[in-house]
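As a plain string of letters, each chain reads:
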Amino acid sequence: MGKTLQNFITRAVTGILFVLVVAVMFVLGSVTHALTYAVVMLAIISLATHEYCKMLQAGGMSPHFRTALCTNNLTFLLSFLTCNYGLDTRFQLCTVGLVWLMFLIELFSKNKNPLANIALTILGCVYIGMPFTLFNLLAFKTGTYDYWPIIGLFVLVWVNDTGAYLAGVTMGKHKLYERISPKKTVEGFIGGVVLTVVVGLVSYMCFGDCFFHAGLTFTLISTAVVAIIGTCGDLVESMFKRSVNIKDTGHLLPGHGGVLDRFDAVMFAAPMVSLLYYFFV
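Figured I'd write up the structure that's included with this text. (Residues numbered from 1 in each chain as written. Predicted model: local features only at pLDDT ≥ 70, side-chain atom pairs only at ≥ 80, totals over all residues. Heavy atoms only, no water.)

**Observations regarding the overall build of the protein chain**
Alright, step 1. Scanning the protein chain from N- to C-terminus turns up ten helices and two strands.
Alright, step 2. Reading the helices (α) and strands (β) of the protein chain from amino to carboxyl end gives α-α-α-α-α-α-α-β-β-α-α-α.
Alright, step 3. Computed over its C-alpha atoms, the radius of gyration of the protein chain comes to 19 Å, within 12% of the 19 Å expected for a compact globule of 281 residues.
Alright, step 4. Of the contacts made within the protein chain by residues no fewer than 6 positions apart, 70% connect residues no fewer than 24 positions apart.
Alright, step 5. Accessible surface computed for the protein chain: about 14000 Å², of which carbon and sulfur atoms make up 71%.
Alright, step 6. Within the protein chain, one finds 17 positive and 13 negative side-chain charges whose respective centroids are separated by 8 Å. (Helix = DSSP H or I, 4+ residues; strand = E, 2+ residues; numbered from the N terminus. Rg over C-alpha atoms; globule rule 2.2 N^0.38 Å. Contact = heavy atoms within 4.5 Å. Areas by Shrake-Rupley, 256 points an atom, 1.4 Å probe, with all protein chains shown as cover. Lys, Arg positive; Asp, Glu negative; His and termini not counted. Charge placed at Lys NZ, Arg CZ, Asp CG, Glu CD.)

Put into structure tokens, the structure is as follows:
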């Protein structure tokens, strides 16, 4: 139990510090024309893309790191410039050229598996670039930069992770999906969902509609979506890691692993919450 407590403390301290640092940078965006927000997001995208390609290389695959890196960052950046500075949306078509570049690279290279290399590179753009780009729908829904929906999403993901870990360690008996993630339990999953919804409800009652500015119903729906879809994101990344036989995608964050390990739930929850927020609020 001592080791379990130590692991929890490490995870909790890292998670709290991480959320605080990211939150401060996002808040500073309100006085820097959202530039600190963009810098943080581009840094996260770059690290996540690097870890994704390293993970695949560990499995003997050859994704195009530079092309994926440029595509993911450019996709986010053009969306950011459109939302924040009114850049013509036609410029977003520039990313199409980078996608086609992947085909040309393979055409003139001597790689043995060009189809797999192209497919895995495009997968990296969908898996990483698209979710982080959709953050802009949350940040600029009102027409100006608003950091609260983004901070709310990060906090809820962290709460779900903490609740699932505590419930799993103390009460976990029934495996959730043993083939993919042997340590995850049904009790942990339920604990994460319950704590996330409770925190969302308490924050609404104590601080008003501070996160999403969309009413109690949307707050409760979004908390449930974060918990359920976020867990699916965690399982998907576990599936990726198991397929290439690695434990963590990196070692940047003690107790969590790499950036992908920390953002796996965010990358699945963000698109769903962003689309719900954009179309129904």
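**Looking at the nonpolar core**
Alright, step 1. Core analysis: the largest hydrophobic core is formed by 57 residues, its most contacted members being Phe26, Tyr37 and Phe135.
Alright, step 2. Elements represented by at least two residues in this core include exactly helix 1 (2-28), helix 2 (35-58), helix 3 (65-85), helix 5 (114-133), helix 6 (135-139), helix 7 (148-171), helix 9 (215-244) and helix 10 (259-280).
Alright, step 3. Residues in contact with Phe135, not counting those within four places in the same chain, are Tyr37, Met41, Ile150, Leu153, Phe154, Val266, Ala270 and Ser274. (Core = buried A, V, L, I, M, F, W, Y, C linked by side-chain atoms within 4.5 Å. Buried < 20%, exposed > 50% of the residue type's maximum accessible area, 1.4 Å probe, protein only.)

**Remarks on unusual backbone geometry**
Alright, step 1. Of note in the backbone geometry, Asn245 takes a positive phi value of approximately 60° without being a glycine.
Alright, step 2. Positionally, Asn245 belongs in the loop between helix 9 and helix 10.

**Focus: the packing of aromatic side chains**
Between two aromatic rings, the relevant description is the distance of the centres plus the angle of the planes.
Alright, step 1. Inspection of the entire model under this criterion finds 25 aromatic pairs.
Alright, step 2. Arranged with centres 6.4 Å apart and planes meeting at 50°, the rings of Tyr145 and Tyr147 form a pair that is tilted. Tyr147 carries the same exposure label as Tyr145, and that label is buried. (Phe/Tyr/Trp six-rings, centres within 6.5 Å; stacked < 30°, edge-to-face > 60°.)

**Things to note about the packing of helix 8 (residues 186-207) against helix 9**
Alright, step 1. At a minimum axis separation of 9 Å, helix 8 and helix 9 run at an interaxial angle of 155°. Relative to helix 9, the element helix 8 lies roughly antiparallel. Along this stretch, helix 8 crosses helix 9, giving a crossing that reads as right-handed. Here Phe189, Gly192, Val193, Thr196, Val197, Gly200, Leu201 and Tyr204 of helix 8 come into contact with helix 9, specifically with Gly215, Leu216, Thr219, Leu220, Thr223, Ala224, Ala227, Ile228 and Thr231. (Axes fitted to C-alpha atoms, helices over the stretch in contact; angles between N-to-C directions. Parallel < 35°, antiparallel > 145°, perpendicular 65-115°, else oblique. Left-handed = near helix turned anticlockwise from the far one by under 90°.)

**A short note on the pattern of salt bridges**
Alright, step 1. If you walk through the whole model with that rule in mind, you get four salt bridges.
Alright, step 2. Here Asp88 and Arg90 are joined by a salt bridge, their closest N and O atoms 2.8 Å apart.
Alright, step 3. Among the ionic pairs, Asp161 bridges to Arg262, the shortest N-O distance being 3.9 Å. Here Arg262 lies in helix 10 and Asp161 lies in helix 7, a separation of 101 residues in the sequence. (Salt bridge = Lys/Arg side-chain N within 4 Å of Asp/Glu carboxyl O.)

**Examining the pairing of strand 2 (residues 181-185)**
Alright, step 1. Two strands pair when backbone bridges link them, and strand 1 (residues 175-177) and strand 2 are joined in this way by two bridges, in the antiparallel orientation. The residue bridging Lys175 from the neighbouring strand is Thr185, located in strand 2.
Alright, step 2. Taken together, strand 1 and the strand that follows it, strand 2, pair antiparallel across an intervening segment of three residues. (Pairing = 2+ DSSP bridges.)

**Details of the environment of Asn117**
Alright, step 1. Looking at the secondary structure, you find Asn117 in helix 5.
Alright, step 2. Expressed as a C-alpha distance, the spacing of Asn117 and Gly257, which sit 140 residues apart in the sequence, is 25 Å.
Alright, step 3. Residue contacts for Asn117: discarding those within four places in its chain leaves Ser62, Pro63, His64, Glu106 and Asn111.
Alright, step 4. At a separation of 3.5 Å, a polar atom in the side chain of Asn117 contacts the main-chain amide nitrogen of Ser62.
Alright, step 5. Engagement of the side chain of Asn117 in a polar contact is seen with the side chain of Glu106, the distance being 3.2 Å. (Polar contact = N/O pair within 3.5 Å; in protein donor to acceptor, adjacent residues only side chain to side chain.)

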